[in-house]
Amino acid sequence: MLDKRLLVCADLIRKGAKVCDVGTDHAYLPCHLILAHITEDVTAADVNPKPLESAKRTIAEAGLSGKIKTVLSDGLQKIDPDTQDIVIAGMGGELIAKILFSCLWCRDPQKRLILQPMTNIPYLRTALYREGFEILLERPVSERGHFYTVLLCRWRGEKKEVSRLFSLIGKIPECGTPEGEQHLWYQIGRLRKIAAGLKAAKDPEKRQEAEQIEALAQEIENKLKSRKTETGEKK
Ligand SMILES: C[S@@+](CC[C@H](N)C(=O)[O-])C[C@H]1O[C@@H](n2cnc3c(N)ncnc32)[C@H](O)[C@@H]1O
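Residues numbered from 1 in each chain as written. Predicted model: local features only at pLDDT ≥ 70, side-chain atom pairs only at ≥ 80, totals over all residues. Heavy atoms only, no water.

**Notes on the side chain of R125**
Then comes step 1: With respect to the secondary-structure elements, R125 resides in helix α5 (residues 121–131).
Then comes step 2: One polar contact links the side chain of R125 to the main-chain carbonyl oxygen of L168, over a distance of 3.0 Å.
Then comes step 3: Other than its neighbours up to four places away in sequence, R125 contacts I135, E138, T149, L151, F166, S167, L168, I169, G170 and I172. (Helix = DSSP H or I, 4+ residues; strand = E, 2+ residues; numbered from the N terminus. Polar contact = N/O pair within 3.5 Å; in protein donor to acceptor, adjacent residues only side chain to side chain. Contact = heavy atoms within 4.5 Å.)

As structure tokens, this is what we get:
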């Protein structure tokens, strides 16, 4: 029932944890967590009544009524602060940041935050560190021609500025999977396209920006090549 994106989210949840899926919509993830025996304590939450109705239908159809709590909640406002693993998937990076940063009890290094942004990923990475969170790892996923990344995060308690390069690729170079490599090549291609567009501009500031973007693309390419050398593969 789950797509690859949500399967990766499920895989990052700790066995037996008290879980909340924020913005659950269809509640596929909570149903999977129970059916795959990952946890027995999961809440499916959504801010809108219609998706929550849809969640209740999926839960009933899966024979899991009474086993999954459903809560109408804006972000984490009505969620039990004892929740250990929080999933926020399928939303824009800015909304994910807003939901997370307005919850005080999430600022606990014991909690795990599993975040899957659809847009504004560089913004989310930067904002997480600025606010005092950290990314433990990232799992890139490609599905139906789209690239996604799932961020496993926790409260760090120390605010930090990240580099522009880190905001673009986060911890993807560390994941070492073929999907991670594809993701990075995709980023290189995207950056080079932007740089090519800016290079043609008359404005010297734009041409300077093109050089900076090209340098970022080159840095990512160098990272990829050095990783291959480390693992003994040919450049
Ligand atoms: C695109 S769906 C994602 C569903 C599922 N999490 C997934 O990744 O497939 C986004 C859901 O987030 C819900 N949502 C949007 N803002 C929210 C908020 N502030 N708090 C809780 N849920 C929210 C929407 O109602 C919608 O059901």
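**Observations regarding the site of the ligand**
Then comes step 1: The immediate surroundings of the ligand are formed by 19 residues, with R5, G23, D46, N48 and G75 found nearest.
Then comes step 2: The contact in question runs from an oxygen atom of the ligand to an N or O atom on the side chain of N48, over 2.7 Å.
Then comes step 3: D74 is positioned such that a nitrogen or oxygen atom in its side chain is 2.8 Å from a nitrogen atom of the ligand.
Then comes step 4: Taking 610 Å² as the accessible area of the ligand by itself, protein coverage stands at 81%.
Then comes step 5: According to the grid-proximity analysis, the pocket containing the ligand is the largest pocket.
Then comes step 6: Those elements that place two or more of their residues in the shell around the ligand are α1 (4–11), β4 (85–91) and α4 (93–101).
Then comes step 7: Per-element accounting of the shell around the ligand gives the leading share, three residues, to β4. (Near = heavy atom within 4 Å. Areas by Shrake-Rupley, 256 points an atom, 1.4 Å probe, with all protein chains shown as cover. 1 Å grid on protein atoms, 1.4 Å probe; cavity = no way out; pocket = protein on both sides within 12 Å on 5 of 7 lines; lining within 4 Å. Sits in = over half its atoms within 2 Å of the grid points.)

**Here's the deal with the pattern of salt bridges**
Two side chains with opposite charge may pair up if their charged atoms get near one another.
Then comes step 1: Counted by the stated rule, this structure contains 18 salt bridges.
Then comes step 2: Between D85 and R14 there is a salt bridge, and its shortest N-O distance comes to 2.5 Å. Here the residue D85 occupies a position in strand β4, and R14 occupies one in the loop between α1 and β1 (18–22), the gap between them amounting to 71 residues.
Then comes step 3: Taking relative accessible area as the criterion, D85 reaches 0% and is therefore assigned buried.
Then comes step 4: Ionic pairing is found between D80 and K18, a salt bridge with its closest N-O pair at 3.4 Å. Linking D80 in the loop between β3 (68–72) and β4 with K18 in strand β1, this pair joins segments that are 62 residues apart in sequence.
Then comes step 5: Using a relative accessible area of 34% as the deciding quantity, one classes D80 as partly exposed.
Then comes step 6: K18 gets classed as buried once you look at its relative accessible area, which sits at 16%.
Then comes step 7: A single network of salt bridges, built from pairs that share partners, joins K18, D41, K69 and D80. (Salt bridge = Lys/Arg side-chain N within 4 Å of Asp/Glu carboxyl O. Buried < 20%, exposed > 50% of the residue type's maximum accessible area, 1.4 Å probe, protein only.)

**So, the domain arrangement of the chain**
Then comes step 1: By domain assignment, the chain separates into domain 1 (4–161) and domain 2 (178–230).
Then comes step 2: If you average the C-alpha positions of domain 1 and of domain 2, the two centres end up 31 Å apart.
Then comes step 3: Listed by partner, the interface residues are seven residues for domain 1 and five residues for domain 2.
Then comes step 4: In this assembly, domain 1 packs against domain 2 so that about 520 Å² is buried in total across both faces, 61% of it on carbon and sulfur atoms.
Then comes step 5: Linking domain 1 with domain 2 are one salt bridge.
Then comes step 6: Here E179 ties to K4 by a salt bridge, and the two come within 3.0 Å at their closest N and O atoms.
Then comes step 7: Residue classes in the side of domain 1 that touches domain 2 are distributed as four nonpolar, two polar and one charged. (Domains from an automatic or database assignment. Buried area = accessible area lost by both parts, 1.4 Å probe. Nonpolar A, V, L, I, M, F, W, Y, C, P; charged D, E, K, R; others polar.)

**Describing α1**
Then comes step 1: Among all positions in α1, only R5, L6, V8, C9 and A10 are buried.
Then comes step 2: Along its buried surface, α1 packs onto α2 (28–35), β4, β5 (112–117), β6 (133–143) and β7 (146–155).

**Concerning the layout of surface pockets**
Then comes step 1: The calculated volume of the largest pocket comes to roughly 440 Å³.
Then comes step 2: Lining the largest pocket are 27 residues, and of these V22, G23, M91, L95 and I99 lie nearest its centre.
Then comes step 3: Listing elements by their share of the lining of the largest pocket, those giving two or more residues are α1, β1, β2 (41–46), β4 and α4.
Then comes step 4: Of the residues contributing to the lining of the largest pocket, the split by class is twelve nonpolar, nine polar and six charged.
Then comes step 5: Within this model, the second largest pocket holds a volume of roughly 350 Å³.
Then comes step 6: Lining the second largest pocket are 16 residues, with M118, I121, F147, Y186 and Q187 sitting closest to its centre.
Then comes step 7: Where the lining of the second largest pocket is concerned, the elements lending two or more residues are α5, β7 and α8 (178–199).
Then comes step 8: No other element matches α8, which puts four residues into the lining of the second largest pocket.
Then comes step 9: Partitioning the lining of the second largest pocket into residue classes produces eight nonpolar, six polar and two charged.
Then comes step 10: For the lining of the second largest pocket, the two domains that each supply at least three residues are domain 1 (4–161) and domain 2 (178–230). (Points joined across faces, edges and corners; volume = space filled by probe spheres on them.)

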